[in-house]
Amino acid sequence: MARRSLLVGFGGFLPDRVVTNDELAAQLDTSDDWIKTRTGITRRHIAGPNDTATSMGAQAARRALDYAGLTPADIDAVIVGTSTPDQAFPATAVRIQAELGMQQGFGFDLAAACSGFIFALSTADAFIRSGQARNVLVIGSEVYSRIVDWSDRGTCVLFGDGAGAVVLSGTDEPGEAGLLSTHLHSDGTAGDLLYVDGAVGRREMSGHLKMSGRDVFRHAVAKLSSSVDEALKAEGLEYGDVSWLVPHQANIRIIEGVAKKLNLPPERVVITVDRHANTSAASIPLALDEAVRDGRIQKGDLVLMEALGGGLTWGSALARF
Ligand code: UT7
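The structure displayed is predicted, hence computed values, not measured ones. (Residues numbered from 1 in each chain as written. Predicted model: local features only at pLDDT ≥ 70, side-chain atom pairs only at ≥ 80, totals over all residues. Heavy atoms only, no water.)

Novice: Describe the site of the ligand, and please don't skip the residues or the numbers.
Specialist: Of all residues adjacent to the ligand, which total 23 residues, the nearest are Thr30, Arg153, Arg214, Asn251 and Asn278. Contact distances for the ligand include 2.6 Å between an oxygen atom and a side-chain N or O atom of Arg214. Contact distances for the ligand include 2.9 Å between an oxygen atom and a side-chain N or O atom of His248. In isolation the ligand exposes 960 Å². Once the protein is present, 76% of that is buried. For the shell around the ligand, the element with the most residues is helix 7 (residues 213-234), which contributes four residues. For the shell around the ligand, the class distribution of residues is eleven nonpolar, seven polar and five charged. Residue assignment places the shell around the ligand across two domains, with domain 1 (4-171) and domain 2 (178-320) each supplying three or more. (Near = heavy atom within 4 Å. Polar contact = N/O pair within 3.5 Å; in protein donor to acceptor, adjacent residues only side chain to side chain. Areas by Shrake-Rupley, 256 points an atom, 1.4 Å probe, with all protein chains shown as cover. Helix = DSSP H or I, 4+ residues; strand = E, 2+ residues; numbered from the N terminus. Nonpolar A, V, L, I, M, F, W, Y, C, P; charged D, E, K, R; others polar. Domains from an automatic or database assignment.)

Novice: Explain the sheet that holds strand 1 (residues 4-13) to me, using residue names and the numbers behind them.
Specialist: An order of 1-7-6-4-5 is seen for the five strands of this open sheet, with the pairing classed as mixed. Every interior strand has two partners, whereas the edge strands, strand 1 and strand 5 (106-110), have only one. Each neighbouring strand pair of the sheet contributes to a mean axis angle of 20°, computed without reference to strand direction. The pairing of strand 4 (residues 77-81) with strand 6 (residues 135-143) spans five bridges and is classified as parallel. (Pairing = 2+ DSSP bridges. Axes fitted to C-alpha atoms, helices over the stretch in contact; angles between N-to-C directions.)

Novice: Please set out the side chain of Thr82 residue by residue, giving values where relevant.
Specialist: Along the chain, Thr82 turns up in the loop between strand 4 and helix 4 (92-100). With relative accessibility at 5%, the residue Thr82 sits in the buried group. Within the structure, the side chain of Thr82 is placed 3.1 Å from the backbone nitrogen of Thr84, a separation counted as a polar contact. Side-chain polar atoms of Thr82 contact the backbone oxygen of Ser141, separated by 2.6 Å. The contact partners of Thr82, leaving out residues within four places of it in the chain, are Ala53, Thr92, Asp109, Leu110, Ala111, Ser141 and Glu142. (Buried < 20%, exposed > 50% of the residue type's maximum accessible area, 1.4 Å probe, protein only. Contact = heavy atoms within 4.5 Å.)

Novice: How would you sum up the sheet that holds strand 8 (residues 178-186)? Please name residues and give values.
Specialist: Note: strands within a sheet are paired through backbone hydrogen bonds, in either parallel or antiparallel orientation. What the four strands build is an open sheet, ordered 8-13-12-11; its pairing is mixed. With one partner strand each, in any of the chains shown, strand 8 and strand 11 (244-247) form the two edges of the open sheet. Across this sheet, the average inter-strand angle for adjacent strands is 15°, counted without regard to direction. The sheet contact formed by strand 11 and strand 12 (residues 302-309) spans four bridges and is parallel. Across the sheet, Trp244 pairs through a bridge with Val303, a residue of strand 12. Across the face of the sheet, helix 5 (residues 116-130) comes into contact with strand 8, strand 12 and strand 13 (313-320) while running at roughly 125° to strand 8.

Written out as structure tokens, the structure reads:
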């Protein structure tokens, strides 16, 4: 039996401060009704002065390790999907290693914007399958509140902060459970549809998120639809086999479009966008954490994950729990 990866731990962290649509409407030309109707968002968590991708990622990681019954000493690698690292380097993953007291293994960050968790999951799975790592912490941690332009109502209302983590663990035992496959894509020709206009490698040290919302929306519906088909086809599965859709949480209308295509009723879709807004690479592991801990996702369930983000990057992952 070939080695495969089991999802054995789940954790999340959200900053204390909650900002409602009405609070944003008090400062911007927007309304609770517009935000809710166009996106499904009602509120979001916003980082406090001491919350960073490292601190939030470390908290989520600790909770995922607890769930898995593992300690930092059991971990061989830490992979963090983030577009909002504390520093250009050291990587957030390496800072998290230090926060957890790890002196073994390796860590690195991966930049795939809102698809960061799917890309990190796929990378971790490859390390496990090749025998280079046995237990891997896969983290998405983001503080988009520090890169949105708070005067741009077209983008700032969409995002929130947070972190989510999953522990992947290799097994050689026969069984049905595990990560079945991941499917990654990127297309840099569409890079200017969603980007940050500054970075430490440019003269502009920090930048703001810029998005052509309508174009990204169009790409999201088409590319996520083909991505879920690709994942199911690769495993010889059908729409009816999917127990749960755990999508990237950008916009309820995009999520509902994919669910409709899959013929999945709303109660089979894990939704957090209403309370978290778009937490980029953190959104899928935060949603997984919620649905595993409240008992919605059960052993034996087939879980389909999908995401699209700046790059453009997009992809999907299928897992049997
Ligand atoms: O996670 C990464 C991937 N990102 C996404 O998947 C986001 C994809 N895009 C979207 O979710 C949607 O395109 C948005 C939510 C960003 C925008 O929704 P939309 O239905 O595409 O609206 P729109 O951009 O077409 O704007 C409609 C109107 C415009 O006014 P006019 O030109 O029709 O007069 C906007 O200026 O709504 C206006 N508008 C707002 N009004 C009130 C834009 N933002 C706001 C706002 N409040 N916050």
